[in-house]
Amino acid sequence: MSATHDHGHSHGHSHSHGHHHHDHAPKLDHLNTAFIVGIILNSAFVVLEVVAGLWSHSLSLLTDAGHNLSDVAGLALALLAFKLTKVSSNSEYTYGYKRSTIIVSFFNALVLFIAVGFIGYEAVMRFIHPEVIAGGTMAWVAFAGIGINAVTAWLFVKDKDKDLNVKGAYLHMAVDAIVSFGVVVSGLIIYFTHIYWIDSAVSLIVAIVILKGTWSLLSDSLRLEMDGVPKEMDLDKIKQELMKCKGVVDVHHIHVWALSTTENALTAHLVIDQNAVTSFDNIKHDLRHRLEHLSISHSTFEPEFADEKCVHVDC
């Protein structure tokens, strides 16, 4: 259609920061403290693992230290991303820096995959050239790691399903706690049996566990990075909800994507009944309210008359 396609400042655009606004995006300001505590605890543990790993010649401790260091970097980047989401939009970045949270989650996943490759390589080298390892020291340090990682994971458990970066932090810490338990077991086996290849075997198990736990983070963040429909969104359900609005005859050309790891946006063509055109402002507010309850905080609509045909080929 022509005249009724409105992208100006009249009734064609509907953004959720106006009248009748209900903000359903998760409020995660309290996580600043969780990230800071997690960074401090894990930084101290990385130092402990490196010192103990070098002294005991334990590859498990050194590789776990490298993994924990990547976790520290990930926590720091996630905290920075959350800070950037508070920066106001401007003429160059009209949505502000919200997307930084998606970039960080994707980067963290890539870093973990690189860490897996390094761990696997070193483990194979140790199988070929085994070294004497102080199993007792290895077990005690790893035991401390269980506590630190478990506490850090607990800081994020309540909000892990509200944001991809928080989910990533939780998964990293939970996996690390399991890994540390494995290192404790291998340390005890080495202490009592002197079977040193166990250290390399545990390192390979660590790599597999990390790989499995990181795959969903990588795929989810890549999906958002490519402007794919967020995993929790159902386009059919969204369309059905919009169709419940009085005066809306049909909805098509729907696009949904993530602005950040907590905020989503939508654009859609609305086919409006001829008799309801004059009340489009009411329709707009009703639709926006429905979308906010579906975790879509920014919405833009293009109205069409029911007796006109959309000029867009892919409608």
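Residues numbered from 1 in each chain as written. Predicted model: local features only at pLDDT ≥ 70, side-chain atom pairs only at ≥ 80, totals over all residues. Heavy atoms only, no water.

Draft legend 1. Region of interest: the overall build of the protein. Helix and strand counts for the protein stand at eight helices and three strands. The 315 residues of the protein split such that 47% are buried. Look at the contacts in the protein between residues 6 or more apart in sequence, and 76% of them connect residues 24 or more apart. Accessible surface computed for the protein: about 15,600 Å², of which carbon and sulfur atoms make up 66%. (Helix = DSSP H or I, 4+ residues; strand = E, 2+ residues; numbered from the N terminus. Buried < 20%, exposed > 50% of the residue type's maximum accessible area, 1.4 Å probe, protein only. Contact = heavy atoms within 4.5 Å. Areas by Shrake-Rupley, 256 points an atom, 1.4 Å probe, with all protein chains shown as cover.)

Draft legend 2. Up close: the sheet that holds strand 3 (residues 298–305). Pairing is mixed in the open sheet, where three strands are placed in the order 1-2-3. Each edge of the sheet is formed by a strand with only one pairing partner; in this case those strands are strand 1 (248–258) and strand 3. Recorded for the sheet is a direction-independent mean angle of 15° between the axes of neighbouring strands. As defined by bridge partners, strand 2 (residues 264–272) adjoins strand 3 across eight bridges and the pair is classed as parallel. Counterpart to A268 in the pairing with strand 3 is F301. The strands that helix 7 (residues 235–243) touches are strand 1 and strand 2; relative to strand 1, the one it contacts most, it runs at about 140°. (Pairing = 2+ DSSP bridges. Axes fitted to C-alpha atoms, helices over the stretch in contact; angles between N-to-C directions.)

Fair warning: the whole summary comes from geometry, so function is off the table for now.
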